[in-house]
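What the coordinates show
Each chain is listed here by its residues.
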Amino acid sequence: MGNSEHVTAADVQLMQGLAQRVTATRPDLVNSDASFGELAWNWGKGHAGDGASWRRRLWFSGGILVAWGWVRLPRRVRMNDGSVKDVTGAYLAYQVHPDQAALVDEVIDWYDGVAAGMERTVLPSAADEFALKRWAAHGYETDPAALGDEGCWTQLNERDLTDVEEAVLPDGFRFRTADEAGPAAAVQAHQDAWAPSPYTAEGYEGVRQTASYRGDLHILVEAPDGTMASSTIMWLDEVNRTAEFEPVGTHPGYRRLGLARAMLLHGMRRARAAGAAHVTVACLGAPGHPQARGLYEGVGFRELVRDAPLINSGVEG
């Protein structure tokens with residue numbers, strides 16, 4: 001077993017390997033933030049600024065990673081508009097291989113120890129009945145705020161790449177890759193789509209340094225005036241021949257023009273050319289967040305699984 005330490009690039013590659021093994025047999029049991037693409041994206045963009053507040057533990061069997069936990073502790077996040085956001089609770093991303101399901105109790109005990117006295121949240125798969133029972137046994141309850149109409153629970157959507165329609169952009173717009181557009185344009189595209197955002201040039205450099213990042217699968221839509229109006233990164237899991245969109249965003253001034261739809265279709269065709277046969281994307285699933293869900297359904301995605309947001313108030317005893 002590994003001790004509680006900061007999360008390294010090597011750790012992320014081990015975690016991605018476990019994600020690939022779970023995806024191969026039970027993709028519905030891949031937890032939120034534990035997928036092949038999410039791991040690279042979250043570590044890449046955040047380790048320089050937030051890494052000091054991260055803790056991790058790894059569980060091995062026969063030299064192979066079979067479970068891990070990654071805790072984000074309370075911290076102050078600085079946005080690119082100068083504002084700050086104080087994160088006051090702890091959050092756990094984790095994964096346990098289905099063949100080692102009983103390890104979830106060790107993961108929970110470790111989390112409770114690392115984040116003792118804090119409000120603690122976690123997002124296991126709603127399909128993981130065994131894990132949900134174990135979390136309940138440790139005092140975790142459904143988070144009512146997360147499940148409200150404006151809640152933050154997510155659903156994972158999927159589709160195959162057998163038949164992908166042609167992507168059509170409005171006149172004057174064109175597709176670019178991050179390799180072509182360059183780092184400054186790629187960073188600005190994300191900041192514009194998600195403003196205010198903690199994303200920085202340093203964060204993007206971290207993303208580029210992850211082993212699974214490919215600049216040719218980082219797609220942007222350039223407007224006639226040169227603005228990068230929409231962007232997405234695709235993460236290709238060659239083992240399972242699947243690609244994951246994360247993130248997907250459009251500049252507020254260029255929404256409702258069909259740019260994101262065209263970009264997704266274009267991205268799917270590029271992913272297929274790179275060897276993928278299947279693609280996934282996550283989105284907020286609550287009724288108050290219909291836009292992204294409608295976008296993905298409109299290009300053929302259907303829900304595979306959703307997460308089950310749980311919370312522990314942190315009041316021990």
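Residues numbered from 1 in each chain as written. Predicted model: local features only at pLDDT ≥ 70, side-chain atom pairs only at ≥ 80, totals over all residues. Heavy atoms only, no water.

1. Examining the domain arrangement of the chain
The domains assigned to the chain are domain 1 (9-152 + 308-312) and domain 2 (159-305). Taking only C-alpha atoms, the centre of domain 1 and the centre of domain 2 are 24 Å apart. Taken residue by residue, the interface counts 30 residues in domain 1 and 29 residues in domain 2. Both sides of the domain 1 and domain 2 interface together cover about 2,300 Å² of buried area, and 63% of this is carbon and sulfur. In terms of surface lost to domain 2, no three residues of domain 1 exceed Phe 36, Trp 41 and Asn 80, which account for 27% of the buried area on that side. For the pair domain 1 and domain 2, the interface holds zero salt bridges. The interface formed by domain 1 and domain 2 holds 10 residue pairs in polar contact (both at pLDDT 80 or more) in total. (Domains from an automatic or database assignment. Contact = heavy atoms within 4.5 Å. Buried area = accessible area lost by both parts, 1.4 Å probe. Salt bridge = Lys/Arg side-chain N within 4 Å of Asp/Glu carboxyl O. Polar contact = N/O pair within 3.5 Å; in protein donor to acceptor, adjacent residues only side chain to side chain.)

2. A few points about the side chain of Thr 250
With respect to the helices, strands and loops of the structure, Thr 250 is situated in strand β12 (residues 242-250). One polar contact links Thr 250 to Ser 230, side chain to side chain, over a distance of 2.8 Å. Not counting residues within four places of it along the chain, the set of residues in contact with Thr 250 comprises Ala 193, Ala 229, Ser 230, Arg 255 and Ala 260. (Helix = DSSP H or I, 4+ residues; strand = E, 2+ residues; numbered from the N terminus.)

3. Comments concerning the packing of aromatic side chains
Two numbers describe a pair of aromatic rings. These are the distance of the centres and the angle of the planes. Applying the stated criterion across every chain yields a total of 11 aromatic pairs. Where Tyr 111 meets Trp 135, the ring centres are 6.4 Å apart and the plane angle is 75°; that geometry is what we call edge-to-face. Within this pair, whereas Tyr 111 is found in helix α3 (residues 104-114), its partner Trp 135 is found in helix α4 (residues 129-137), the two being separated by 24 residues in sequence. In terms of burial, Tyr 111 and Trp 135 fall into one category: buried. An angle of 80° between the planes, with centres 6.2 Å apart, marks the rings of Phe 173 and Tyr 254 as edge-to-face. Of this pair, Phe 173 sits in the loop between β8 (154-160) and β9 (174-177) while Tyr 254 sits in the loop between β12 and α8 (259-273); the two residues are 81 residues apart in sequence, bridging distant segments of the chain. When its relative accessible area of 15% is taken as the criterion, Phe 173 is described as buried. The class for Tyr 254 is buried, based on a relative accessible area of 15%. Within the aromatic cluster, the residues linked to one another by ring pairs are Tyr 94, Tyr 111, Trp 135 and Tyr 140. Here the guanidinium or amino end of Arg 72 rests over the ring plane of Trp 70, the centre of that ring lying 4.1 Å away. (Phe/Tyr/Trp six-rings, centres within 6.5 Å; stacked < 30°, edge-to-face > 60°. Buried < 20%, exposed > 50% of the residue type's maximum accessible area, 1.4 Å probe, protein only. Lys NZ or Arg CZ within 6 Å of the ring centre and 35° of its normal.)

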